[in-house]
Amino acid sequence: MDDDGRYRDSRSDFVRGAKDIAKVAKKQVGKKMGRGVDKMADEYTKRSYKRFEEEDDDDDYAAAPSNDGGYYRNDSRANDDEGHSDSTEGHDEDDEIYEGEYQGIPRAESGKAGTVDGGTAAQAQQFRDLSAYESERRKDQEELAQQYETILQECGHGRFQWTLYFVLGLALMADGVEIFVVGFVLPSAEKDMCLSEPNKGMLGLIVYLGMMVGAFVWGGLADRIGRRQTLLISLSINSVFAFFSSFVQGYSSFLFCRLASGVGIGGSIPIVFSYYSEFLAQEKRGEHLSWLCMFWMIGGIYASAMAWAIIPHYGWSFQMGSAYQFHSWRVFVLVCAFPAVAAICALTTMPESPRFYLENGKHDEAWMILKQVHDTNMRAKGYPERVFSVTTIKTVKQMDELVNLGEGASWHLKWRTKLTTLFHQVWSNFQTVFSPEYRRTTYMMMAVWFSMSFSYYGLTVWFPDMIKYLQKQEYSSRTKVFVKERVEHVTFNFTLENQVHRQGQYFNDKFMNLRMKSMVFEDSLFEECFFEDITSSNTFFKNCTFIATLFYNTDLFKYRLINSKLINSTFLHNKEGCLLSDVSDDNNAYMVYFVSFLGTLAVLPGNIVSALLMDKIGRLRMLAGSSVISCISCFFLSFGNSESAMIALLCLFGGISIASWNALDVLTVELYPSDKRTTAFGFLNALCKLAAVLGISIFTSFVGITKAVPILFASGALALGSFLALKLPETRGQVLQ
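Here is a short report on the structure shown in this document. Worth saying up front: this structure is predicted, and the values here are computed from it rather than measured.

Some details on the pairing of strand β6 (residues 496-502)
Then, number 1: Most of β6 is tucked away: five of the seven residues are buried.
Then, number 2: Pairing between β6 and strand β8 (residues 510-522): six bridges, direction parallel. Within β8, the position partnered with His 501 by the bridge is Phe 521.

Focus: the sheet that holds strand β4 (residues 486-488)
Then, number 1: Spatial ordering of the open sheet is given by β4-β7-β9-β12-β15, a layout of five strands whose pairing is parallel. One side of each edge strand has no neighbouring strand; the edge strands of this open sheet are β4 and β15 (565-567). Here the strands of the sheet are splayed against their neighbours by 5° on average, with no regard to which way each runs.
Then, number 2: Relative to strand β7 (residues 505-507), β4 is paired through three bridges, and the arrangement is parallel.

A look at the pairing of strand β10 (residues 530-537)
Then, number 1: The sheet contact formed by β8 and β10 spans seven bridges and is parallel. Following the sheet pairing, Lys 517 is matched in β10 by Ser 537.
Then, number 2: Pairing of β10 with strand β13 (residues 550-554), which is carried by four bridges, proceeds in the parallel orientation. Residue Phe 530 lies in a different strand from β13, and its bridge partner there is Leu 550.

Remarks on empty space enclosed by the protein
Then, number 1: Applying the stated criterion across every chain, the model contains six cavities of 30 Å³ or more.
Then, number 2: Space inside the largest cavity adds up to approximately 230 Å³.
Then, number 3: Lining the largest cavity are 15 residues, and of these Ile 269, Trp 296, Tyr 457, Trp 661 and Asp 665 lie nearest its centre.
Then, number 4: Secondary-structure elements contributing two or more residues to the lining of the largest cavity are α10 (268-277), α18 (439-477), α22 (643-671) and α23 (677-700).
Then, number 5: The element best represented in the lining of the largest cavity is α22, accounting for four residues.
Then, number 6: For the lining of the largest cavity, the class distribution of residues is 11 nonpolar, two polar and two charged.

A closer look at the packing of helix α8 (residues 227-245) against helix α9 (residues 251-265)
Then, number 1: Where α8 contacts α9, the two axes come as close as 7 Å, and the packing angle between them is 160°. Comparing their axes, α9 and α8 come out roughly antiparallel. Handedness of the crossing formed by α8 with α9: left-handed. Across the interface between the two elements, Ser 234, Leu 235, Ile 237, Asn 238, Phe 241, Ala 242, Phe 244 and Ser 245 from α8 touch Phe 254, Phe 256, Cys 257, Arg 258, Ala 260, Ser 261, Gly 264 and Ile 265 from α9.
Then, number 2: Considering only residue class, the contact of α8 with α9 consists of 10 nonpolar, five polar and one charged.

Calculation rules
Residues numbered from 1 in each chain as written. Predicted model: local features only at pLDDT ≥ 70, side-chain atom pairs only at ≥ 80, totals over all residues. Heavy atoms only, no water. Buried < 20%, exposed > 50% of the residue type's maximum accessible area, 1.4 Å probe, protein only. Helix = DSSP H or I, 4+ residues; strand = E, 2+ residues; numbered from the N terminus. Pairing = 2+ DSSP bridges. Axes fitted to C-alpha atoms, helices over the stretch in contact; angles between N-to-C directions. 1 Å grid on protein atoms, 1.4 Å probe; cavity = no way out; pocket = protein on both sides within 12 Å on 5 of 7 lines; lining within 4 Å. Points joined across faces, edges and corners; volume = space filled by probe spheres on them. Nonpolar A, V, L, I, M, F, W, Y, C, P; charged D, E, K, R; others polar. Parallel < 35°, antiparallel > 145°, perpendicular 65-115°, else oblique. Left-handed = near helix turned anticlockwise from the far one by under 90°. Contact = heavy atoms within 4.5 Å.

Following this line, the structure appears as structure tokens:
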């Protein structure tokens, strides 16, 4: 009996020992898996733990446990041994390890489930899991939105936000500069590149097409790889190609560089507003986003001032033979890249949006940035002793999107897989903007953005074209007409401008060292005349006869001689150049810069008013009210019969409409959640540029024909936009979704 008892005791001891071994094995496997995950963390996270340990030695709250289980570094990741033993204690009997489990061999019970209905059951389970994941993620986002607003209230508004304001303002300023660059350099660039009218039109529109592509692409990427990183990439592309565009000589290469530059700067607006809004508490958001809009105005003023100071100075140039020329307008293009370069340098000192980190499950990085915001503001306000009391922040549940290619995969396969996965993520995120939850809001916002852009950009380009048309009309009214004049043995060595000579006779006359501007000779006779060193623009000889006449070192090419006869006449050493049909002089150039400067400066009162009232009257009232007043102001266009009247109307329209743009930017930021914010903003901004191209093309086609059509189009679009704006939900006083 004693032998039997000892046998049973030894057997039970053996069984308990086997179970203990299984427990230890399970713990060790859990430890290794946890450590493997920790090793995948980035260097920033590793540094954050060291900083926490160093700082907490002096903090009052370091050892004080919080209500939700204490400071986050005391969780399972802080101590592998304790965390895993606690998590497995009491569950070893139920979760006993099957010896083939870690070899990928299923339990015996799993084989019985492989019936005909196994596939259907798996699909149903997958749908249930996805639905549960979406529900849990939505709940996490709602909790995060409320907690994040509370944290921003504790961090306060101070030095950090103002520093970020000026940094992001430089990026927005670069966007404002980009709009004006091509329009300012076009009169000078057409001389160097011999641009035809279609080429000039394409060069004017290519920037908008590039910005349209850039807004969509960078907006989608900013929701996946981060606001700061995407903005740095987009500004870098803009800077590089803006730099190259100032040196390239051909039209095609210049067109490509401006297209790529537009693609780069296209991400500025959607990212800048989303980025800045995620550092602002709700009572400050509308006001300070409106203040940020002022940098777009500053960009326009900067471009106008630089054009005024640089382009007319033709001495700021050099050339290497006839193949390479670097004129003053290229210096202007180079200077216009400075805001983007400055924005890149300043942005490298700023952190990523903590809201983006929390949406992507990166708690530690977000906590450190929010602590930085809090400490920076408190030190600036004279309260350095105040402690950041937040210990844990809600993060959004993440879906496992890891793709294992194995260790033997080539680098190009890995990159292709990463890019393909990123593309699918961006496209999937874009499709959610049209999900049933956001579909109505998106369609309404599309209509408002399109109507606003169509009228605003159409009119802002139509105004300068109308001013040019009025200038030409006034210039033509001063044309001098000479009929049947007879001139013999006369030397012309002075500028001939804005004249028409009909049925004239010129015998043995010399035209030497002079400029001909807007000169027309019709049905005239030139006999034994001598043309030397002539520079001309908008000059033509129609139905004229040249007998024994010599053309030496002139740009009076044969295509300037329309239906004319050449009898014993010779062209020697013709000048290289282009046929310019426009009236171009320094006074007109200064007028273009001055008009753009005034039109941009006129938005200052509207910016100030919208910033002060945005959080008081609400976004919808600001948007609808400004659109209605802009609509009414369009009817004053019928009274714009002079150059000064058109300039005044341009300033009036710009000053009123800017308030609606500010409200629309704020509304777009607040209507969409953080994980879709820049995607939706980028898409709507891309639609804005498409509407701008259509508006510019349609409105400018009626210059000199009628004012009624542009007035009706602009007023109708603004009225529709103001009506639809009232159907949108008001976001004033709400937390950032």
